[in-house]
Amino acid sequence: MNYKKPFIDILYKSFFKSGLSKSFINRKLKAGKLILTYHNVLPESALSSFFTNNVDVSKATFEFQIKSLLEKYKIQPATEIVDGHKKGIYLSFDDGMLNNIEIVEPVLKKYGITAMFGICSGLVQRSIEFIWRDQIFLMLKSLQDKKIIISDLPLISGLEINKANLNKVASSITDYIQANNKMNDVYGYLDEVLVINNLILKRDLFSQLRYSPMNLSDVRYLQSCGHNIASHTHTHRKLSMLSDVELRNELHISRDYLRKEVGDCDTLVYPYGSPGEVNHRVRDFASEAGYKYAFLNTTKGFKKDHLFIPRINMGNISSKSNFFGILAGFNKLFR
C-alpha cells in the first residue's frame, strides 16, 4: 500500500481549492505551451494491471480530463503546436494505435479539438507486429502457467509465469536488453525467444484496441480532419542505444514513408522521450534527417530548443484536483 497517496491527494485538493494550481498553470501558459501526451485510450474493461508502462487511460477518464480543461481553458489547434510564437494547451498522442482512431478521434471531434499523432511507420507497414516492449508482455501473457526458456537469463529461465510475477519478469527482460546492447536487433532477439518457447504472436489473439496500430487509411483520415501527423520513428526503439546506422534508419525511414504516403513530415516525437533516452547525439541525428521540430516526453532536462520540446505525460487520473495539480507541476514535489 502507498501510505503517501492520501496525504498527496489532500495536498492536491488544497492547491486546487486555494487557486494555487490555476495560478501556476497560468504562469506556465504565459511563458509558452503545455502539451499533454497520451498513448492508449481504452474502455474501462480493457485496462490492464500488467506491464503497460502506465500509458493507458480509460475513455471515461480521458473525456473527463478534456471536459475539465475546457471548463477553464481553450485547447489550441494542432496546426499551431510547432509555432514558437503561440502559447496555450495542446494535445498529442503517441504510437498510433487503433484506439486513437476508434475512441480518441470521435471524442476530439465532439469537442472540436485537433491534436498531434506520432506514428510508427513500421507498425503501419507491418514491418513489425508489436512494439518490442508490448511483445515482451504478450509473450509472457501467452506463457502464463508455463515455464519460460530464456538462456541469457538463468535466474528466470525455467520459471513458471503467473500473474504475480509477470510484471517483474517483463522488467528483468527489458533491463537485460538495455544493459547488454540488444537494442539494435531487439526484434530479432525477441523472435528467437519466441521460437525457443514455441510461440507465435498474432495481433488478432489480443485486444485489438490495445495492440493493433492504425493502418495508412486511418492516418490519412486523421490528417484530413485537421490533425497533425508526426514521425514516432520506424520501430519505436530507444534511440540513444542504437548504432549510428540503426539510428539513421529509425529516423529516415519513418520520415520518408510519411512524406510519401501522407504529406510533408518535419516533426518527430521521440520514443520514450526522457533525458536519459534522448541525448544531444540523438538530437543531431534528428536534425540531420530533416526534422525541424522534435518532442520529448518530459517537462525537464533541456533548455528551450525546437528539437527538445517538452510535454506532460498523462495517466489515468480521474480527480480534478490531481489532474490540475500535475499540469501545474506539483507532482515534482512528491518524487
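Refer to the preceding data block for the structure.
Predicted model, so just to flag it, every value in this text is computed and none were measured. (Residues numbered from 1 in each chain as written. Predicted model: local features only at pLDDT ≥ 70, side-chain atom pairs only at ≥ 80, totals over all residues. Heavy atoms only, no water.)

Some details on the packing of helix α2 (residues 20-31) against helix α13 (residues 320-328)
Axis separation between α2 and α13 bottoms out at 8 Å; the angle between their running directions is 35°. Crossing of α2 over α13 shows left-handed handedness. Of the residues in α13, those in contact with Ser21, Phe24, Ile25 and Lys28 of α2 are Phe324, Gly325, Leu327 and Ala328. The class makeup of the residues in the contact of α2 with α13 is five nonpolar, two polar and one charged. (Axes fitted to C-alpha atoms, helices over the stretch in contact; angles between N-to-C directions. Helix = DSSP H or I, 4+ residues; strand = E, 2+ residues; numbered from the N terminus. Left-handed = near helix turned anticlockwise from the far one by under 90°. Contact = heavy atoms within 4.5 Å. Nonpolar A, V, L, I, M, F, W, Y, C, P; charged D, E, K, R; others polar.)

Looking at the environment of Met241
Looking at the secondary structure, you find Met241 in the loop between β6 (228-231) and α11 (244-261). A relative accessible area of 31% means that Met241 is categorised as partly exposed. For the pair Met241 and Lys182, spaced 59 residues apart in the sequence, the C-alpha separation amounts to 8.6 Å. Setting aside its immediate chain neighbours within four residues, Met241 contacts Gln178, Met183 and Asn184. (Buried < 20%, exposed > 50% of the residue type's maximum accessible area, 1.4 Å probe, protein only.)

Details of the side chain of Glu250
In this structure, Glu250 sits in helix α11. Sequence-distant contacts of Glu250, that is, excluding residues within four places in its chain, are made with Thr233, His234, Thr235, His236, Arg237, Leu239 and Leu242.

Regarding helix α8 (residues 186-196)
For α8, the set of buried residues is Val186, Tyr187, Tyr189, Leu190, Val193 and Leu194. One side of α8 carries all its buried residues, which in axial view fall inside an arc of 160°. The secondary structure elements touched by the buried residues of α8 are α6 (132-142) and α7 (166-179). Positive backbone phi, at 55°, marks Asn198, one or two positions downstream of α8. (Arc of directions from axis to C-beta.)

Remarks on the packing of aromatic side chains
Scanning the model with the defined rule gives 12 aromatic pairs in all. Grouping aromatic residues by their ring pairs yields a cluster made of Tyr38, Phe62, Phe93 and Phe117. Sitting over the face of the ring of Tyr272, Lys238 holds its NZ or CZ atom 5.1 Å from the ring centroid. One residue, Arg255, lies across the ring of Tyr291, its end atom 5.9 Å from the ring centre. (Phe/Tyr/Trp six-rings, centres within 6.5 Å; stacked < 30°, edge-to-face > 60°. Lys NZ or Arg CZ within 6 Å of the ring centre and 35° of its normal.)

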